Amino acid sequence: MSKGKVDVLLGLQWGDEGKGKVVDVLTPRYDVVARFQGGPNAGHTLEFDGQKYVLRSIPSGIFQGGKVNIIGNGVVLAPDLFMEEAKALEAGGHDLRHHLHISKKAHLIMPTHRVLDAAYEAAKGAGKVGTTGKGIGPTYTDKVSRNGLRVGDIFENFSERYAAAKARHEAILKSMGYEYDIAEAERKWMEGIEYLRNFSIVDSEHEVNSLLREGKSVLCEGAQGTMLDVDFGSYPFVTSSNTICGGACTGLGIGPNKIGDVFGIMKAYCTRVGAGPFPTELFDETGATIRRLGHEYGAVTGRERRCGWIDLVALKYAIMVNGVTQLIMMKSDVLDGFPTIKACVAYKQHGRQIDYFPYDIADDVEPVYVELPGWQTDMAKFTDESQFPKEFSDYIAFLEQQLETPIRIISIGPDREQTIVRE
């Protein structure tokens, strides 16, 4: 038997880096695309053939015909939102029933998980994390406390298991004095459960490893970004799962010795949604211009993204904890018109300059910038890196030198065709 390969693709910043587009571009090289963590709080946007798609739970390889797409055990799945997403894709002519496989061990987001999410966030007052309200945190909490419902549970004694889990949540909400009505949400959720039964529900860890033994190649797709990792991100303003490369192993049942390339995706600048520290955030007209030109609004929530210059301190940290082998830079075109580009190369904290990512970036952190000349060229129609203006080539070289990692793919627009692969 030939030996298969596993590559991992993930975000290096605070999410929204453009992972969906890159998965779509890279998918032709692979036999399988597998999502390994997160839930419908993460939206991956893809644009091609004049159409725009936002995927929340379904892997971004679903548009490339004939590929196996797997929702892994590390994902949390909302049946009602999955049904809405899947039906929209099927209406567009995309065959999900034959190509999408769902792990029995993926945990289910219940209607009461969303209520708990809202209740916990309201109770925090000024200390809100900025959750999307999709029930992700409470679902992972139930998973860790061994109280969760899993996709595999829908086939046996499900009504009893659901009722017990719901009663436990209702007791918590009653103790908090939180009022709610989930009747309509629960009806749609149960409809989603019935819809889910029509899909291929599998022991995904066995399936992935069997495919590898057959010599198949697998691309693991991450959600959110490294700086939102529950262990290594800007805690407590993080998500509830491991968004780093190690999450691909636990979220799919793949041994670490199977991992080959790790593709780290970053924007040419930086954004963040929700609360939490953001050292390079811009509160001036420059930040507003980046937001406007980059259409920086959440794919799922529609929330306005906070914008700032690229943070190389955080990126070096993300590259280290992920073992990144290749970088992919998105939204370079957004900076096309700026006469000067800034890059954060260090922090000032407690009166001293540091070049590493500290324990707490919320505590007295000020960015130290270097300035580079902008390229002031519209690159939207470029097809080869030989067309790049010198200033942009210099910017790429500067980033590669600082990050000690090659930038292999550069995106100069939202369409899949606006992607330049460097040799």
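Above this text is the structure in question.
Reading the values: rules and limits
- Residues numbered from 1 in each chain as written.
- Predicted model: local features only at pLDDT ≥ 70, side-chain atom pairs only at ≥ 80, totals over all residues.
- Heavy atoms only, no water.
- Core = buried A, V, L, I, M, F, W, Y, C linked by side-chain atoms within 4.5 Å.
- Buried < 20%, exposed > 50% of the residue type's maximum accessible area, 1.4 Å probe, protein only.
- Helix = DSSP H or I, 4+ residues; strand = E, 2+ residues; numbered from the N terminus.
- Contact = heavy atoms within 4.5 Å.
- Axes fitted to C-alpha atoms, helices over the stretch in contact; angles between N-to-C directions.
- Parallel < 35°, antiparallel > 145°, perpendicular 65-115°, else oblique.
- Nonpolar A, V, L, I, M, F, W, Y, C, P; charged D, E, K, R; others polar.
- Patch = residues over 30% accessible without salt bridge, like charges linked within 9 Å, V, L, I, M, F, W, Y side chains within 5 Å.
- Areas by Shrake-Rupley, 256 points an atom, 1.4 Å probe, with all protein chains shown as cover.
- Salt bridge = Lys/Arg side-chain N within 4 Å of Asp/Glu carboxyl O.
- Pairing = 2+ DSSP bridges.
- Disulfide = S-S within 2.5 Å.
- Lys, Arg positive; Asp, Glu negative; His and termini not counted.
- Charge placed at Lys NZ, Arg CZ, Asp CG, Glu CD.

Looking at this model, I keep getting lost on the nonpolar core. Mind explaining?
Across soluble globular proteins, nonpolar side chains have a tendency to be buried as a group. The biggest cluster of nonpolar side chains holds 54 residues, and the ones touching the most others in it are Cys220, Leu312, Met329, Leu335, Phe392, Tyr395 and Leu399. Per-element tally for this core: the top contributor is helix H11 (residues 390–403), with six residues. Those residues in contact with phenylalanine 392 that lie beyond four places of it in its chain are Met329, Ser332, Trp375, Met379 and Ile410. Of all hydrophobic cores here, the second largest spans 30 residues; its members include Leu149, Val151, Ile193 and Leu196.

Can you walk me through the packing of helix H3 (residues 111–124) against helix H4 (residues 136–144) in this structure?
A pair of packed helices is captured by two measures, namely the crossing angle of their axes and the spacing between those axes. The contact between H3 and H4 brings their axes to 7 Å, and the two run at 110°. Overall, the two elements H3 and H4 adopt an arrangement that is roughly perpendicular. In this structure, H3 contributes His113, Leu116, Asp117 and Tyr120 to the contact, and H4 contributes Ile136, Pro138, Thr139 and Asp142. Across the contact of H3 with H4, the residue classes break down as four nonpolar, two polar and two charged.

Sorry if this is basic, but what is going on with a nonpolar patch on the surface here?
A cluster of nonpolar residues, Tyr120, Ile172, Met176, Tyr178 and Tyr180, forms a patch on the protein surface that exposes about 380 Å² of accessible area. Assignment of secondary structure puts tyrosine 180 in the loop between helix H5 (158–176) and helix H6 (183–196). Classification of tyrosine 180 by relative accessible area gives partly exposed; the value is 31%.

Where do I start with the sheet that holds strand E9 (residues 200–202) in this structure?
Sheet strands associate in pairs through backbone hydrogen bonding, adopting either a parallel or an antiparallel arrangement. Taken in spatial order, the ten strands of this open sheet run E9-E7-E5-E2-E10-E1-E11-E15-E19-E20, and their pairing is mixed. The open sheet is flanked by E9 and strand E20 (419–421), the only strands paired with a single partner. Sheet twist, expressed as the mean angle between neighbouring strand axes with direction ignored, is 20°. With five bridges joining them, strand E11 (residues 259–267) and strand E15 (residues 326–330) adopt parallel strand pairing. Counted as the bridge partner of methionine 266 is methionine 329 from E15. Across the sheet, helix H7 (residues 204–213) is in contact with strand E1 (5–11), strand E2 (32–35), strand E5 (68–71), strand E7 (100–103), E9 and strand E10 (217–221); its angle to E5 comes to roughly 145°.

Explain the state of the cysteines here, please?
Following the criterion strictly, the structure yields zero disulfides and no others. In this structure cysteine 245 is not part of a disulfide, and its nearest cysteine sulfur, from cysteine 249, lies 6.1 Å away. A residue is classified by how much of its surface remains accessible, and cysteine 245, at 9% relative accessible area, is buried.

Please clarify how a negative patch on the surface should be interpreted in this entry.
Residues Asp360, Asp363, Asp364 and Glu366 make up a contiguous surface patch of negative charge. Along the chain, aspartate 363 turns up in the loop between strand E17 (352–354) and strand E18 (365–373).

It is not clear to me how unusual backbone geometry should be interpreted in this structure. Could you clarify?
Peptide bonds are mostly trans, and most non-glycine residues show a negative phi. A cis amide bond links tyrosine 235 with the next residue in sequence, proline 236, at an omega value of 5°. Mapping proline 236 onto the fold places it in the loop between E10 and helix H8 (246–252). Of note, aspartate 16 is a non-glycine position whose phi angle comes to about 60°, a positive value. By the secondary structure assignment, aspartate 16 is in the loop between E1 and helix H1 (19–26). Classification of aspartate 16 by relative accessible area gives partly exposed; the value is 24%. One non-glycine residue, asparagine 157, lies in positive phi territory at about 50°.

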